Amino acid sequence: MVELLPLSDIAPQAVEALLDAAFGSDRFGRTAYRIRAGVDAVPALSFARVADGALIATIQCWPVAHRAVDGTATPLVMVGPVAVRPDVQRGGHGRVLMAHMLAAAETQADGALMMIGDPEYYGRFFGFDAEATGAWDLPGPYEKRRLLARAVNGHGLPIGAGMIGPR
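Thresholds, definitions, all that
- Residues numbered from 1 in each chain as written.
- Predicted model: local features only at pLDDT ≥ 70, side-chain atom pairs only at ≥ 80, totals over all residues.
- Heavy atoms only, no water.
- Helix = DSSP H or I, 4+ residues; strand = E, 2+ residues; numbered from the N terminus.
- Expected span 1.5 Å × (residues − 1).
- Contact = heavy atoms within 4.5 Å.
- Phe/Tyr/Trp six-rings, centres within 6.5 Å; stacked < 30°, edge-to-face > 60°.
- Buried < 20%, exposed > 50% of the residue type's maximum accessible area, 1.4 Å probe, protein only.
- Salt bridge = Lys/Arg side-chain N within 4 Å of Asp/Glu carboxyl O.

### What about helix α1 (residues 12-23)?
For α1, spanning 12 residues, the distance from its first C-alpha to its last is 16 Å, which sits close to the expected 16 Å at 1.5 Å a residue. Among the structural elements, α2 (31-35), β3 (54-68) and β4 (73-84) are those in contact with the buried residues of α1.

### With respect to the packing of aromatic side chains
Per the stated rule, a full pass over the model turns up 6 aromatic pairs. Here Tyr121 and Phe125 contribute two aromatic rings whose centre-to-centre distance is 5.2 Å and whose plane-to-plane angle is 55°, an arrangement assigned as tilted. Of the two residues, Tyr121 and Phe125 both sit in helix α4 (residues 119-126), 4 residues apart, roughly one turn of that helix. Here Phe125 falls in the partly exposed class, since its relative accessible area comes to 32%. Residues Tyr122 and Phe126 carry aromatic rings whose centres are separated by 6.1 Å and whose planes lie at 35° to one another, so their mutual orientation is tilted. Residue Tyr122 and its partner Phe126 are located together in helix α4, separated by 4 residues, close to a single helical turn. We note that Tyr122, like Phe126, is buried. Among the aromatic side chains, those forming a connected cluster through ring pairs are Tyr121, Tyr122, Phe125 and Phe126.

### Here's the deal with the environment of Gln60
Looking at where Gln60 falls in the secondary structure, it is placed in strand β3. Remark: the alpha-carbon pair of Gln60 and Leu7, spanning 53 residues in sequence, is separated by 7.8 Å. The residues touching Gln60, leaving out its near neighbours within four places in the chain, are Leu7, Val15, Leu19, Ala41, Ser46, Met78, Val79, Gly80 and Pro81.

### Description of the pattern of salt bridges
A pair can form between side chains of opposite charge whenever their charged atoms are brought close. One pass over the structure, following the stated rule, counts 8 salt bridges. When the shortest N-O distance is used, the salt bridge between Asp20 and Arg27 registers 3.0 Å. Overall, Arg27 belongs to the buried group, its relative accessible area being 2%. In this structure, a network of salt bridges that share partners links the residues Glu16, Asp20 and Arg27.

Fair warning: the whole summary comes from geometry, so function is off the table for now.
If you want it as structure tokens, here you go:
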């Protein structure tokens, strides 16, 4: 039996073990970790898939902000990581988590969504694109085409230059 649960119902060490299995223990050096440094995931938008009592996939969302050059801060929600245990990847678990998170974001998100991801996948299936993010900057290396965003819950995307970082 596969269940969809709030991530807060899962032991933190189990989540960390899944993230290590999916992304490697060197994942902490990635730019995404710098963006969300020092903040906790948003409970209402972070979920887990559990099969027969074992954690198989997670999605986490984080409170971040776009800080424009004039100092204006616009709240955003950073989506990711979406982690799936390697032995069950390509089983649709990540897609189910994304769809569930997007449905929750339509009423719970306090800012537009942003992520670092493959535009061919996240654009096609979930409506993310890089149209508004061209002048955005991140605190580390990234591919501009992979910086994606999507309006949600009445929150538009910030336009123009700005640094993305934790709120």
